[in-house]
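One letter stands for each residue in the lines below.
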Amino acid sequence: MIQQLAIDSLGAGIGVFLGVLIGLGIRRRKGKTEGLLGGSVLLTASAAAGLAMLVMMMLKYVTAV
């Protein structure tokens, strides 16, 4: 069940990852690095994508019950 929820929520995670990666990459090139986890754009984008997937998984689980 958890695997199916993860597969169904993968699109949201990938979309958020790419969006945050592009947005924070542009922001970092301008010299604004505050708010990044460990000073890393990749780490921050991964954390945002993981959180988005978890939220989507919870929403799909609640609406399926």
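Keep in mind it's a predicted model, so treat the numbers as computed, not measured.

Participant: So what exactly am I meant to see when it comes to helix α1 (residues 2-29) here?
Facilitator: What sets the pattern is the α-helix's 3.6 residues per turn: residues three or four places apart point alike. Between its first and last C-alpha atoms α1 spans 38 Å; for 28 residues at 1.5 Å apiece the expected length is 40 Å, and the two agree. Taking the largest bend as the criterion, α1 deviates by roughly 45 degrees, centred on Ser-9. Inspection of α1 places Leu-5, Ser-9, Gly-13 and Leu-24 among the buried residues, and these make up the whole buried set. Of the surrounding secondary structure, the elements contacted by the buried residues of α1 are α2 (41-64). With its phi angle positive at about 95 degrees, Gly-31 sits one or two positions after the end of α1.

Participant: For this particular structure, what's the right way to read the pattern of salt bridges?
Facilitator: Oppositely charged side chains may form a pair once their charged atoms are brought near each other. Taken as a whole and judged by the stated rule, the model has one salt bridge. Taking the shortest distance from any N to any O, the salt bridge between Arg-27 and Glu-34 comes out at 3.3 Å. The class of Arg-27 is partly exposed, set by a relative accessible area of 29%.

Participant: Help me understand a nonpolar patch on the surface, please; the structure alone is not making it clear to me.
Facilitator: On the surface, Met-1, Tyr-61, Val-62 and Val-65 cluster together into a nonpolar patch covering about 500 Å² of accessible area. Relative to the helices and strands, Val-65 resides in the segment after α2. Judged by relative accessible area, which is 77%, Val-65 ranks as exposed.

Each value, and the rule that gives it
- Residues numbered from 1 in each chain as written.
- Predicted model: local features only at pLDDT ≥ 70, side-chain atom pairs only at ≥ 80, totals over all residues.
- Heavy atoms only, no water.
- Helix = DSSP H or I, 4+ residues; strand = E, 2+ residues; numbered from the N terminus.
- Expected span 1.5 Å × (residues − 1).
- Bend = angle between axes of the 7 residues up to and from the residue.
- Buried < 20%, exposed > 50% of the residue type's maximum accessible area, 1.4 Å probe, protein only.
- Contact = heavy atoms within 4.5 Å.
- Salt bridge = Lys/Arg side-chain N within 4 Å of Asp/Glu carboxyl O.
- Patch = residues over 30% accessible without salt bridge, like charges linked within 9 Å, V, L, I, M, F, W, Y side chains within 5 Å.
- Areas by Shrake-Rupley, 256 points an atom, 1.4 Å probe, with all protein chains shown as cover.

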